[in-house]
Amino acid sequence: MTTVTGPGTGPRRATAPLRGHVAVFLKYLSLVLASAVVLVPLAAVLLTSLRSSREMADGSALALPDDWLNPHNYTVAFTDGHMLRALGNTTFILFFSVLGTVLIGSMTAYAIDRFHFPFKKLVMALFLVASLVPSVTTQVATYQIVNGMGVMDTRWAPVLLYMGTDIVSIYIFLQFIRSIPVSLDEAARLDGANSFTIYRRIILPLLKPAVATVVIVKGVAVYNDFYIPFLYMPSDGLGTVSTSLFRFKGPYGAHWEVISAGAALVIVPSLVVFLVLQRFIYNGFAAGATK
C-alpha cells in the first residue's frame, strides 16, 4: 500500500499541534486575567482591613499586614458604622422584597400563561417596554407616589419599590410555567380545584428551581442596592449596609483601613451566600433557557 503525500503535508501536520497549544494557552490566560480582575480588588480590601494606620502609610494596597488577627478596624467599623442595625434593616427589606417578588412574579406569570383575556399581547409588550425605560427618568413621579402613600422614610418604601419593578422575575417564572403541562390544571379542575388552588398546590411547588433563581438574584440585587434606600430612607436610623457604609466614610475619610473593614463586613455575607448557592443560580438559568 502506497502512502501519497502532497507538498507541504509535513509542515501542515506540524503546525496543527502548535495551534492547539496556543489555543489552550490563550484560554487559560484569559481565565487567569478574568480571575485577577475580580480577586485582586477583594484581596486589596481584605489586606487593607487588617493593617494599622502606620502600615498604611508605609506600604502598598497589597502589602501583607504584620498582624493577621487584628480586629481593631472591624471593631471600629462595626460599632461606629452601626453595621448591626444596618444588617437588621437590610434583612427586613430583603425578606419582604424577595417574598413579594416571588408571589407577585409567579402569580403574574401564571395568569399570563394560563388565562386568556383581551389585550394579552399588549400587556406583554408593555412589560417589555417597562423593562427598557431607564428608572432614573421616572424617579420624580415615583417619589411623589411614595410620598403620597405615606411610606416615605420607612422601611416599607423600598420594599414596595422592589416588589413592583422586577420584570425579569416575571419572565423567569413565565419560562418555567410554559413547561408545565396544561393537563395538570385540567385534571385538578375535574377534581373541583379552583384557579388559586391549582396555583398553590400544583404550579408553585413545580417552580422551585425558578424560585431559587429569583430569590438569589433578587436578594443579591436588593442587598447591594444603594440608590433606593439612600433616596427613600434618609434617616440615619434606617440605613442599610450600603448607605451605612457610605455615611460611615464621612468621619473616617482618611482612614482607608477602617473603611476597608466596613466594606469587608458588607461584602462577606453576600459572597458567602453566592458561593454556597451558586449552583442554584446556574441550574435555574440553564433550565429556564431550555424550557
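Reading the values: rules and limits
Residues numbered from 1 in each chain as written. Predicted model: local features only at pLDDT ≥ 70, side-chain atom pairs only at ≥ 80, totals over all residues. Heavy atoms only, no water. Phe/Tyr/Trp six-rings, centres within 6.5 Å; stacked < 30°, edge-to-face > 60°. Helix = DSSP H or I, 4+ residues; strand = E, 2+ residues; numbered from the N terminus. Buried < 20%, exposed > 50% of the residue type's maximum accessible area, 1.4 Å probe, protein only. Arc of directions from axis to C-beta. Axes fitted to C-alpha atoms, helices over the stretch in contact; angles between N-to-C directions. Parallel < 35°, antiparallel > 145°, perpendicular 65-115°, else oblique. Left-handed = near helix turned anticlockwise from the far one by under 90°. Contact = heavy atoms within 4.5 Å. Nonpolar A, V, L, I, M, F, W, Y, C, P; charged D, E, K, R; others polar.

## Notes on the packing of aromatic side chains
Reasoning step 1: Overall, the coordinates contain eleven aromatic pairs when judged by the stated rule.
Reasoning step 2: Ring geometry for F96 versus W156: centroids 5.1 Å apart, planes at 55°, classification tilted. Here W156 lies in helix α7 (residues 156-164) and F96 lies in helix α4 (residues 83-114), a separation of 60 residues in the sequence.
Reasoning step 3: Accessibility expressed as a relative area gives 40% for W156, which makes it partly exposed.
Reasoning step 4: Relative to F115, the ring of Y110 has its centre 5.6 Å away and its plane inclined at 85°; by these criteria the two rings are edge-to-face.
Reasoning step 5: Since its relative accessible area comes to 5%, Y110 is described here as buried.
Reasoning step 6: On the basis of relative accessibility, which here comes to 32%, the residue F115 falls in the partly exposed class.

## Some remarks on helix α3 (residues 72-80)
Reasoning step 1: Residues of α3 that are buried: N73, V76 and A77. Each buried residue of α3 lies within a common arc of 95° when the element is viewed along its axis, so the set occupies one face.
Reasoning step 2: After α3 finishes, the residue H82 shows a positive phi value of roughly 55°.

## Re the packing of α4 against helix α8 (residues 167-177)
Reasoning step 1: Close contact between α4 and α8 brings their axes to 8 Å; oriented N to C, the two are set at 50°. With respect to their mutual orientation, α4 and α8 come out oblique. As for the relative orientation of α4 and α8, their crossing is right-handed in sense. Each of T101, V102, G105, S106, T108, A109, Y110, I112, D113 and R114 in α4 lies in contact with α8, whose residues at this interface are S169, I170, F173, L174 and I177.
Reasoning step 2: Of the residues that constitute the contact of α4 with α8, the class distribution is eight nonpolar, five polar and two charged.

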